[in-house]
Amino acid sequence: MDSMRGQGGIQMLLSAEQEAQQIVTAAKNLKMARLRQAKEEAEMEVANYRSHLEAEYQKSISESSGSSDSTVKRLDTETEEKIQSLKGTASKVSPEIVKMLINHITTVRT
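Within every chain, residues take consecutive numbers counted from 1 along the sequence as written. With the structure being a predicted model, the display of local features is reserved for residues of pLDDT at least 70 and the display and counting of side-chain atom pairs for 80 or more, all residues being used for whole-chain, interface and lining totals. Computation of side-chain values covers all heavy atoms of the structure but excludes hydrogens and water.

A. The overall build of the protein, seen in detail. Along the backbone of the protein there are two helices and zero strands. Throughout, the radius of gyration refers to the C-alpha atoms, and the reference size of a globule is 2.2 Å times the residue count to the power 0.38. The C-alpha atoms of the protein give a radius of gyration of 44 Å, which is well past the 13 Å a tight globule of 110 residues would have. C-alpha atoms of the protein, sized along the principal axes, occupy 140 × 50 × 10 Å. A 1.4 Å probe rolled over the protein chains alone gives each residue an accessible area, and that area as a share of the maximum for its type sets the label: buried under 20%, exposed over 50%, partly exposed in between. Out of the 110 residues belonging to the protein, those deemed buried represent 0%. Accessible area of the protein: about 10,500 Å², with a carbon and sulfur share of 60%. Positive charges come from Lys and Arg, negative ones from Asp and Glu, while His and the chain ends are left out of the count. Where a charge lies is defined by one atom per residue type, namely NZ (Lys), CZ (Arg), CG (Asp) and CD (Glu). Computed over 15 positive and 16 negative side-chain charges, the separation of the two mean positions in the protein equals 8 Å. For helices the rule is a DSSP run of H or I covering at least 4 residues; for strands it is a run of E covering at least 2, with both sets numbered from the N terminus onward. All accessibility values rest on the Shrake-Rupley procedure with a 1.4 Å probe; residue burial counts only the protein chains present in the view.

If you want it as structure tokens, here you go:
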């Protein structure tokens, strides 16, 4: 009779072990499913954020390209003004420089 109870106890332990293994397996599967879902959600969030940034970038490019014509015109005007300023300064200083050069060339040091 003791051997029968021992056999029954062993059978109970084996069935409890199998049940525990099934619970652990189910928990692992649930965990993997949650991880996959979290990964998919994170990838979607990253894609949304990337598309948002790309849209902002394209918007800023379109805004800046629209004003590039005015920037080019402004730079052309500024460049022309600087050229005229340099030409004016050169024409004012030119006689003095020529005089100084002639003076240095014709002066003999002894």
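B. Quick look at a nonpolar patch on the surface. On the surface, a nonpolar cluster with roughly 470 Å² of combined accessible area is contributed by V93, I97, M100, L101 and I105. Mapping I97 onto the fold places it in helix α2 (residues 68-106). In this scheme, patches are assembled from residues that exceed 30% relative accessible area and form no salt bridge. Like charges are connected within 9 Å, while nonpolar side chains (Val, Leu, Ile, Met, Phe, Trp, Tyr) are connected within 5 Å. By salt bridge we mean one thing: a side-chain nitrogen of Lys or Arg within 4 Å of a carboxyl oxygen of Asp or Glu.

C. Main features of a negative patch on the surface. A surface patch of like charges, here negative, comprises E40, E41, E43 and E45. On the secondary structure map, E43 appears in helix α1 (residues 2-66). A residue is classified by how much of its surface remains accessible, and E43, at 47% relative accessible area, is partly exposed.

D. The pattern of salt bridges, seen in detail. Counted by the stated rule, this structure contains one salt bridge. A salt bridge links R74 to E78, with the nearest nitrogen and oxygen atoms 3.0 Å apart. Placement of both R74 and E78 in helix α2 is noted, with a separation of four residues, approximately one turn of the helix. Residue class for R74 comes out partly exposed when judged on its relative accessible area of 44%.

All we've got here are geometric facts, nothing functional implied.
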